[in-house]
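If you want the building blocks of each chain, they are given just below.
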Amino acid sequence: MLTVAEPIEMKPVPVRVPARLALEVRDLTVIYNNEPALENISFSVKAGERVAIIGPNGAGKSTLIKTVMGMLQPQAGMVKIHESGRYCLGYVPQHEGVDWSFPATVRDVVMMGRIRQIGWLRWPGRAQWDAVDVALERVGMADLGDRQIGELSGGQRRRVFIARALAQEAKILLLDEPFSGVDAGAQASLMDVLDGLNTEGMTIILCTHDLALAFKRFDRVLALHQQLIAYGTADEVYQPSVLARLYGGQIATLENGRLLFVDDHHCNDC
Ligand code: ADP
């Protein structure tokens, strides 16, 4: 007798796409005048991740960002960028590192991101200015293109540099303390801009002193104090022993939304 098989319901098999690396840092050591600023730092960042670098003043956060950017030459180790070339790295410098009295408009600064597309010793054409305006639009600065950079607020200045990275078509954005000296409202809207870019796939690496922000809004936290003290989710990193190694003495951080005080005697291994 002929039997007819019941149709088998085909369930879609979830495809696990391995997360692609955006960058890798291996055994990085940077020395200034015989004084090590970074020692044997190794970590990797996946494409689309948000990583906050925390640590006290002088911990080497800026040095790490500048070395990844290729602005500083390490004495040992390497930085491997898995996106296409160094132009995929966008940089928002520390506010103090920029001469804001330089006579340039917002659009001029953002146009600096297009140098690769324009080529040296050529004038930008219509398409390049359009790209600048699109970048300014994305950071909510479309109306301020002709303003001198010295006339901007702290939050707007950071946005200009984010727009420069967008004009450059960066895939990884490195920001050096973008929230220092910025009020809470401007910080929130800057963070919204970063969230929007991250949703579109931008990898974001920034250093900050704001432990609560790193806890709430970042996938991973890198605790740095000349050496890599810890790297993982905020839950993994915000351990009394890690925070005591970073900050020593009494520090406060968030645990279940509350302040937690940690002092040196919690530090077992430092
Ligand atoms: P952070 O960004 O965490 O405050 P930095 O990377 O700026 O730390 O500095 C790390 C260490 O390197 C500090 O001790 C600092 O004094 C030193 N340092 C930074 N830049 C220079 C430099 N250009 N020349 C000499 N020492 C430097």
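By convention here, each chain's residues receive numbers from 1 onward along its written sequence. Restriction of local features to residues with pLDDT of at least 70 applies here, the model being predicted, together with a cutoff of 80 or more for giving and counting side-chain atom pairs; totals for whole chains, interfaces and linings are based on all residues. To get the side-chain values, all heavy atoms of the structure are used, and hydrogens and water are removed first.

Peer 1: Explain the overall build of the protein chain to me, please; I cannot follow it from the model alone.
Peer 2: Helical segments are the DSSP runs of H or I of at least four residues, strand segments are the runs of E of at least two, and each set is numbered from the N terminus. Counting its regular elements, the protein chain contains 9 helices and 11 strands. Scored against the burial criterion, the 270 residues of the protein chain give a buried share of 47%. Throughout, a residue-residue contact means that at least one pair of heavy atoms, one from each residue, lies within 4.5 Å. Sequence separation of 24 or more characterises 66% of the internal contacts of the protein chain that already satisfy a separation of 6 or more. Here the term buried applies to any residue with accessible area under 20% of the maximum for its type, exposed to any over 50%, and partly exposed to those in between, with areas from a 1.4 Å probe on protein chains only.

Peer 1: So what exactly am I meant to see when it comes to the site of the ligand here?
Peer 2: Here a residue is near a molecule or strand as soon as one of its heavy atoms is found within 4 Å of it. In the vicinity of the ligand, the residues found are Y32, N33, A37, P56, N57, G58, A59, G60, K61, S62 and T63. We define a polar contact as two N or O atoms separated by no more than 3.5 Å, with the added condition that, inside protein, one atom must be a possible hydrogen donor and the other a possible acceptor, whereas residues neighbouring each other in sequence contribute only through side-chain atom pairs. G58 places a polar main-chain atom, nitrogen or oxygen, 2.8 Å from an oxygen atom of the ligand. In the environment of the ligand, an oxygen atom lies 2.5 Å from a nitrogen or oxygen atom belonging to the side chain of T63. Here the accessible surface of atoms and residues is derived via Shrake-Rupley with a 1.4 Å probe, and residues count as covered only by protein chains that are part of the display. Protein burial of the ligand: of its 560 Å² of free accessible surface, 56% is covered by the chains.

Peer 1: When you look at the sheet that holds strand β9 (residues 227-232) in this model, what are you seeing that I'm missing?
Peer 2: Two orientations exist for strands paired in a sheet by backbone hydrogen bonds: parallel and antiparallel. Taken in spatial order, the 6 strands line up as β5-β6-β7-β3-β8-β9 in an open sheet, and their pairing is mixed. In this open sheet, the two edge strands, each paired with only one partner strand, are β5 (89-92) and β9. Within the sheet, the average angular offset between the axes of one strand and its neighbour, ignoring direction, is 15 degrees. For two strands to be treated as a pair, DSSP must find no fewer than two bridges joining them. Where strand β8 (residues 220-225) meets β9, 5 bridges bridge the pair, whose relative direction is antiparallel. Along β9, the bridge assignment pairs L222 with Y231. Interaxial angle, 0 to 180 degrees, is taken between N-to-C directions of lines fitted to C-alpha atoms, where a helix line uses only the stretch in contact. Most of the contacts of helix α5 (residues 154-167) go to β5, to which it runs at about 170 degrees, and overall it touches β5 and β6 (172-176).

Peer 1: What exactly am I supposed to notice about helix α1 (residues 61-69) here?
Peer 2: The buried fraction of α1 amounts to 8 of the 9 residues, a majority that puts the element mostly inside the structure. Taken residue by residue, α1 has K61, S62, T63, L64, I65, T67, V68 and M69 as its buried positions. Taken from the residues just after α1, G70 is the one with a positive phi, measuring 85 degrees.

Peer 1: Which parts of the structure should I look at to understand the nonpolar core?
Peer 2: In summary, soluble globular proteins display a tendency toward joint burial of nonpolar side chains. Formed by 51 residues in total, the largest nonpolar core has its most connected members in V110, I162, L173 and L194. No other element matches the 7 residues that α5 contributes to this core. Beyond its immediate stretch of four places on either side in the chain, V110 contacts V132, A135, L136, V160, A163, R164 and A167. What makes a nonpolar core is a set of buried Ala, Val, Leu, Ile, Met, Phe, Trp, Tyr and Cys residues whose side-chain atoms join them at distances within 4.5 Å.

Peer 1: Please explain the environment of T199 as it appears in this structure.
Peer 2: Within the element layout of this structure, T199 appears in helix α6 (residues 184-199). Look at T199 and you get exposed, because its relative accessible area is 70%. A distance of 2.7 Å separates the side chain of T199 from the backbone oxygen of D195, its partner in a polar contact.

Peer 1: Sorry if this is basic, but what is going on with the environment of G70 here?
Peer 2: Following the sequence through the fold, G70 ends up in the loop between α1 and β4 (76-81). For G70, a relative accessible area of 41% gives the class partly exposed. Residues G70 and L89, 19 residues apart in the sequence, show an inter-C-alpha distance of 9.6 Å.

Peer 1: What is the right way to look at the environment of D235 in this model?
Peer 2: Note that D235 resides in helix α8 (residues 234-237). Distance from D235 to V221, taken between C-alpha atoms, is 9.1 Å for residues 14 residues apart in sequence.

Peer 1: Quick question: what am I supposed to make of the confidence of the model for the protein chain here?
Peer 2: Detailed reading of predicted coordinates is not advised where the pLDDT is low. pLDDT is a residue-level measure of predictor confidence that goes from 0 to 100. Across the protein chain, the average pLDDT comes to 86, with 83% of residues at or above 70. Across residues 263-270 the pLDDT falls below 50, and counting only partners more than four positions away or on other chains, this stretch makes 13 contacts in the model.

Peer 1: Please clarify how unusual backbone geometry should be interpreted in this entry.
Peer 2: The backbone phi angle of N34 is positive, close to 70 degrees, even though this residue is not glycine. Of note, N34 is situated in the loop between β1 (21-32) and β2 (35-46). Given a relative accessible area of 74%, N34 falls into the exposed group. The backbone phi angle of N40 is positive, close to 50 degrees, even though this residue is not glycine. One can find N40 in strand β2.

Peer 1: Please explain the packing of α5 against α6 as it appears in this structure.
Peer 2: In helix packing, the relevant descriptors are the interaxial angle and the interaxial distance, both defined with respect to the helix axes. Interhelical geometry of α5 versus α6 gives an angle of 15 degrees and a closest axis separation of 10 Å. Comparing their axes, α6 and α5 come out roughly parallel. The interaxial crossing formed by α5 with α6 has right-handed handedness. Touching G155, R158, R159, I162 and L166 of α5 are A186, S189, L190, V193, L194 and L197, all from α6. Reported orientations rely on four angle classes, namely roughly parallel under 35 degrees, roughly antiparallel over 145, roughly perpendicular from 65 to 115, and oblique for the rest. Each crossing gets its handedness from the near helix: less than a right angle anticlockwise from the far helix is left-handed, clockwise is right-handed.

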